[in-house]
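A closer look at the structure
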Amino acid sequence: MTDDELIWRIAGGSGDGIASTSQNFAKALMRSGLHVFTHRHYPSRIRGGHTYTEIRASADPVKSRGDGYNFLLALGDSFARNPQENAYYGNEEIKPLSENLDELREGGVIIYDSGLLDASEIEDFDERVEENNWHVYDLDLRTMARDHGREVMRNTAGVGATCALAGIDTEWIEELMRDAMPEKILEPNLEILQEAYEMVEEEYDVDAHDVKIPEGEHEEEQVLLSGSDAIAYGALDEGCRFIAGYPMTPWTEVFTIMSQNLPELGGISEQVEDEIAAAALAIGASHAGVKAMSGSSGGGFALMSEPLGLAEMTETPVVLVEAMRAGPSTGMPTKPEQGDLEHVLYTSQGDSHRVVFAPSGAEEAYRQTRRAFQIAYEYQIPSIVLYDQKNGGELQNVPASVFDEEPNGDLGSVMTEEELADAPHDDSGKYNRFQHEGENGVSPRSIPGQKGGRYLAAGNEHMPAGHISEDPENRVLQVNRRMEKLEAIRADLDSDETSNNTLYGPEDAEYGIMTFGSQQGTVEEAVDRLNDRGYSVKALGVSEMAPYPVEQVSEFLESVEDCLVVEMNASAQFRGLTQKEVGRFGEKLSSLLKYNGNPFEPEEITEGFITSIVEGEELPTHETKFVPAASD
């Protein structure tokens with residue numbers, strides 16, 4: 001066991017304040033100078049059910065949750081199901097301790113609340129403690145909290161005990177509490193924090209283990225935020241002033257953040273009856289001249305298929321976000337998966353056309369959301385930001401300077417009234433909004449209310465002024481012009497100063513690993529380990545799903561002997577997309593898949609690569625699945 005990083009897991013029941021406690025602890029560790037990365041695991045229930053959050057803290061930048069963890073604070077589930085339901089769900093009250101032992105590293109630390117938990121109820125607990133050299137501290141945090149008036153403060157007591165055992169200065173915790181808590185509850189929380197800290201220091205040997213907090217210092221100011229935060233802030237900075245939606249996990253976080261901030265900026269947020277209405281309202285707002293967005297998850301996004309086609313046909317810019325979760329149907333609503341890629345790429349009707357970004361972490365989520373708006377409004381096309389529960393909910397520190405970019409309210413390809421006066425109109429005076437020819441396939445739009453800007457916006461195929469038309473020649477001209485946008489967008493993205501697709505590792509590496517979206521940081525960490533162990537490996541994280549970066553991916557695959565494609569789904573959707581776009585490399589592409597509701601850990605990718613690609617053996621675990629290249 002080394003002390004180069006602390007991976008702290010706090011476990012309890014939904015409704016026990018696990019998320020808020022961990023978020024504040026993570027922020028305090030960041031303020032102390034450390035890099036932090038969190039991982040959330042929670043059930044599809046409002047109250048009760050085993051939930052935990054991990055915080056990985058290191059003096060060096062961290063890109064993933066890491067492998068296992070080394071410090072457990074188990075608080076018990078105070079909202080556990082009735083014991084009569086044990087036949088189905090087991091003893092839920094004990095799960096925050098019993099279900100968190102398998103991943104605890106050798107030499108790790110356990111604090112558990114003996115006011116709620118009885119370790120003797122766990123089979124072979126003492127034997128496992130001895131075998132793994134775990135250091136166990138049973139503290140009656142519940143009684144301590146009750147003595148201070150509020151049982152929920154056992155979380156604060158647990159943090160105080162953690163600080164004593166891990167060598168963390170409570171100064172950072174206290175500062176954060178003073179910033180966040182009202183006076184009524186501040187003093188009792190400060191008291192119980194110190195009481196737990198001092199009690200542990202006085203009654204236990206805090207140096208009996210090696211799990212200690214590292215020391216670090218940031219070179220510049222940092223902020224702690226999730227991918228959901230970053231998507232919302234990117235939309236706001238790019239001038240989005242309207243959002244419509246219907247709550248659905250995990251997209252709800254973006255919707256909530258936008259709804260909290262839009263009123264202060266003169267914007268509007270509407271919660272509507274369903275996702276069809278949400279997407280339709282966003283399209284209507286955009287048609288009226290406001291930058292607008294909507295979004296959902298899985299089945300909710302499926303309902304947006306019809307309005308998405310309407311936006312494509314009427315060439316109305318709009319940005320949609322899709323938060324993937326384990327499906328199909330309701331699936332596992334609070335668990336991450338990357339199974340909606342094909343759904344997002346192809347849903348709608350006919351020869352549809354849209355732009356799809358799949359950012360990895362918070363920084364990419366911010367920048368690519370802004371790029372999605374720019375593309376949507378310049379090219380009059382729907383843009384979709386695709387993410388999942390993992391990068392939507394995990395918190396990480398990001399330099400504050402990332403968000404120093406100038407805001408942008410530009411509506412893109414919109415005519416002025418002076419330009420409309422000289423623009424072509426039909427015999428009835430309607431503006432030829434959908435001209436057969438346009439630069440890069442774009443026929444500039446007008447905004448309702450502009451003089452000379454009247455036209456029809458129909459979901460049917462239409463002639464230049466918008467009237468319905470089934471003329472074959474007009475049909476071909478309109479389709480060709482709309483499709484022309486995709487080539488122009490691809491050229492536009494290729495000319496960006498910074499690519500949205502991330503190359504990582506030695507340029508001349510023998511092997512490659514490809515991934516998309518939230519797995520990128522984990523893959524990069526695995527690449528570092530593989531190169532440290534003597535293997536020559538590099539990675540390409542792809543964020544541009546459509547239009548696909550054919551040239552960049554081809555260059556990457558041309559340079560490697562074999563490539564492992566890492567993704568969180570059972571059907572290798574990203575590998576399938578890559579083979580569709582660059583089919584000549586199909587014999588180089590193998591898959592490493594995971595779809596059990598948990599994201600990859602770096603060592604799973606490292607071992608998966610060595611076992612399957614280098615040694616050609618079968619994977620020893622059911623947690624991940626290897627699918628060989630087509631020629632193997």
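All figures in this text were calculated on a predicted structure; none of them were measured in a lab. (Residues numbered from 1 in each chain as written. Predicted model: local features only at pLDDT ≥ 70, side-chain atom pairs only at ≥ 80, totals over all residues. Heavy atoms only, no water.)

Moving on, we come to the overall build of the chain. Scanning the chain from terminus to terminus reveals 22 helices and 21 strands. Its C-alpha radius of gyration of 27 Å places the chain within 12% of the 26 Å reference for a compact globule of 632 residues. Projecting the C-alpha coordinates of the chain onto the three principal axes gives extents of approximately 90 × 60 × 55 Å. When contacts within the chain are restricted to residue pairs at least 6 apart in sequence, long-range pairs at least 24 apart make up 78% of them. Per element, the accessible surface of the chain, about 25,700 Å² overall, is 45% carbon and sulfur. With 48 positive and 118 negative side-chain charges, the chain shows a separation of 6 Å between the mean positions of the two kinds. (Helix = DSSP H or I, 4+ residues; strand = E, 2+ residues; numbered from the N terminus. Rg over C-alpha atoms; globule rule 2.2 N^0.38 Å. Contact = heavy atoms within 4.5 Å. Areas by Shrake-Rupley, 256 points an atom, 1.4 Å probe, with all protein chains shown as cover. Lys, Arg positive; Asp, Glu negative; His and termini not counted. Charge placed at Lys NZ, Arg CZ, Asp CG, Glu CD.)

What follows concerns helix α10 (residues 252-261). Burial in α10 covers these residues: Val254, Phe255, Ile257 and Met258. Taken around the axis of α10, the buried residues stretch over an arc of 165 degrees, which confines them to a single face. Tucked into the core, α10 has its buried residues touching α9 (227-237), β8 (242-245), β9 (268-271), β10 (292-296), β11 (318-324) and β13 (382-388). (Buried < 20%, exposed > 50% of the residue type's maximum accessible area, 1.4 Å probe, protein only. Arc of directions from axis to C-beta.)

Take the packing of aromatic side chains next. Evaluation of the coordinates by the stated rule reveals nine aromatic pairs. Here Tyr366 and Phe403 contribute two aromatic rings whose centre-to-centre distance is 4.7 Å and whose plane-to-plane angle is 75 degrees, an arrangement assigned as edge-to-face. One end of the pair, Tyr366, is in helix α15 (residues 362-379); the other, Phe403, is in the loop between β14 (395-399) and α17 (417-421), and 37 residues separate them in sequence. Of the two residues, Tyr366 and Phe403, neither departs from the other in class, the shared state being buried. One cation-aromatic arrangement involves Lys291 over Tyr377; the distance from NZ or CZ to the ring centre is 5.8 Å. Here the guanidinium or amino end of Lys594 rests over the ring plane of Phe600, the centre of that ring lying 5.9 Å away. (Phe/Tyr/Trp six-rings, centres within 6.5 Å; stacked < 30°, edge-to-face > 60°. Lys NZ or Arg CZ within 6 Å of the ring centre and 35° of its normal.)

For strand β1 (residues 5-13), the tally of buried residues reaches nine of nine residues, placing the bulk of the element in the interior. Bridging between β1 and strand β3 (residues 50-58) involves nine bridges; their strand directions are antiparallel. Bridging across to β3, Trp8 finds its partner in Ile55. Sheet topology note: the β1/strand β4 (residues 69-74) ladder contains four bridges and is parallel. Residue pairing across strands places Ala11 opposite Ala74, the latter belonging to β4. (Pairing = 2+ DSSP bridges.)

One way to put it is that helix α1 (residues 18-31) packs onto helix α7 (residues 171-180) with a least axis distance of 9 Å and a crossing angle of 120 degrees. Relative to α7, the element α1 lies oblique. The two elements α1 and α7 cross, and the hand of that crossing is right-handed. Touching Asn24, Phe25, Lys27, Ala28 and Arg31 of α1 are Trp172, Ile173, Glu175, Leu176 and Asp179, all from α7. Counted by class, the contact of α1 with α7 contains five nonpolar, one polar and four charged residues. (Axes fitted to C-alpha atoms, helices over the stretch in contact; angles between N-to-C directions. Parallel < 35°, antiparallel > 145°, perpendicular 65-115°, else oblique. Left-handed = near helix turned anticlockwise from the far one by under 90°. Nonpolar A, V, L, I, M, F, W, Y, C, P; charged D, E, K, R; others polar.)

This next bit is on the sheet that holds strand β16 (residues 511-516). Either a parallel or an antiparallel arrangement is found when strands of a sheet pair, and the pairing is made through backbone hydrogen bonds. Pairing is mixed across the open sheet formed by six strands, whose spatial order is β15-β17-β16-β19-β20-β21. Edge strands, defined here as strands with exactly one partner in the open sheet, are β15 (502-504) and β21 (625-627). Averaged over all pairs of adjacent strands, the angle between their axes in this sheet comes to 20 degrees, without regard to strand direction. Along the sheet face, helix α22 (residues 602-614) touches β16, β17 (537-542), β19 (562-567), β20 (589-593) and β21 and points at about 140 degrees away from the line of β19.

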